[in-house]
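Per-entry structural report
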Amino acid sequence: MAEILGHIDCPACGTPAGMRVTRDKNGDPFGFCDATCNAQLRIGGNPHRVAAFARLYPWAAKKPVTVPEAPPVTPTVQEPERKPETPRKRAPFGLEQLMGG
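First, a word on what this report is: a plain description of the structure on this page. (Residues numbered from 1 in each chain as written. Predicted model: local features only at pLDDT ≥ 70, side-chain atom pairs only at ≥ 80, totals over all residues. Heavy atoms only, no water.)

Considering the pairing of strand β3 (residues 29-33)
Every regular strand shows the same layout, with side chains that alternate between the two sheet faces. Among the five residues of β3, four are classified as buried, and the element is accordingly described as predominantly covered. Of the pairings in the sheet, the one linking strand β2 (residues 19-23) to β3 comprises five bridges and is antiparallel in character. By the bridge assignment for β3, Arg 23 is matched with Pro 29. In textbook terms, the turn of a hairpin is the stretch between consecutive antiparallel strands, and for β2 and β3 this stretch comprises five residues, one of which, Gly 27, has a positive phi near 90°. Connecting the antiparallel pair β3 and strand β4 (residues 40-42) is a turn made up of six residues, with Asn 38 showing a positive phi of about 60°. (Buried < 20%, exposed > 50% of the residue type's maximum accessible area, 1.4 Å probe, protein only. Helix = DSSP H or I, 4+ residues; strand = E, 2+ residues; numbered from the N terminus. Pairing = 2+ DSSP bridges.)

A short note on the pairing of β2
Judged by how many residues are buried, β2 sits mostly within the fold: five of five residues are covered. Both faces of β2 are covered, namely the face carrying Met 19, Val 21 and Arg 23 and the face carrying Arg 20 and Thr 22. In this sheet, β2 lies alongside strand β1 (residues 6-8) in antiparallel orientation, the contact comprising three bridges. Paired with Gly 6 across the bridge in β2 is Val 21.

Concerning the pattern of salt bridges
Under the counting rule described, the total for this entry stands at one salt bridge. Where Arg 20 meets Asp 34, a salt bridge forms, and the shortest distance between an N and an O atom there is 2.7 Å. With Arg 20 in strand β2 and Asp 34 in the loop between β3 and β4, this pair connects stretches of sequence that are 14 residues apart. Classification of Arg 20 as buried rests on a relative accessible area of 16%. Take Asp 34: its relative accessible area is 43%, and that puts it in the partly exposed class. (Salt bridge = Lys/Arg side-chain N within 4 Å of Asp/Glu carboxyl O.)

Here's the deal with the packing of aromatic side chains
Taken as a whole and assessed by the stated rule, the structure comprises two aromatic pairs. Here Phe 53 and Tyr 57 contribute two aromatic rings whose centre-to-centre distance is 4.9 Å and whose plane-to-plane angle is 45°, an arrangement assigned as tilted. For the pair Tyr 57 and Trp 59, a centre-to-centre distance of 5.6 Å together with 50° between the ring planes defines the contact as tilted. Judged by its relative accessible area of 26%, Tyr 57 is partly exposed. Assessed through its relative accessible area of 31%, Trp 59 is described here as partly exposed. Put simply, the rings of Phe 53, Tyr 57 and Trp 59 pair up and form one aromatic cluster. (Phe/Tyr/Trp six-rings, centres within 6.5 Å; stacked < 30°, edge-to-face > 60°.)

Encoded structure:
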């Protein structure tokens, strides 16, 4: 489950501290009313809206620190040298083959 940053009063039903605020997939604050109405509050998507929310609720302004994951180390396996395939010799085709001769 996502880390809960804090709670705010729900703007839809008015329940005090009824809306929990977490981070969305982009790291911006996102609200969901756990108390009664299940309302959702999308704050991210607009930098001005996120900044205004952060001014009202400074605890929501801190961005999570993400450490880039190191790529998996795969052992290098050398394939044995392949000799070029020699083309097969084809038998000549002629009418003798059709006539049985």
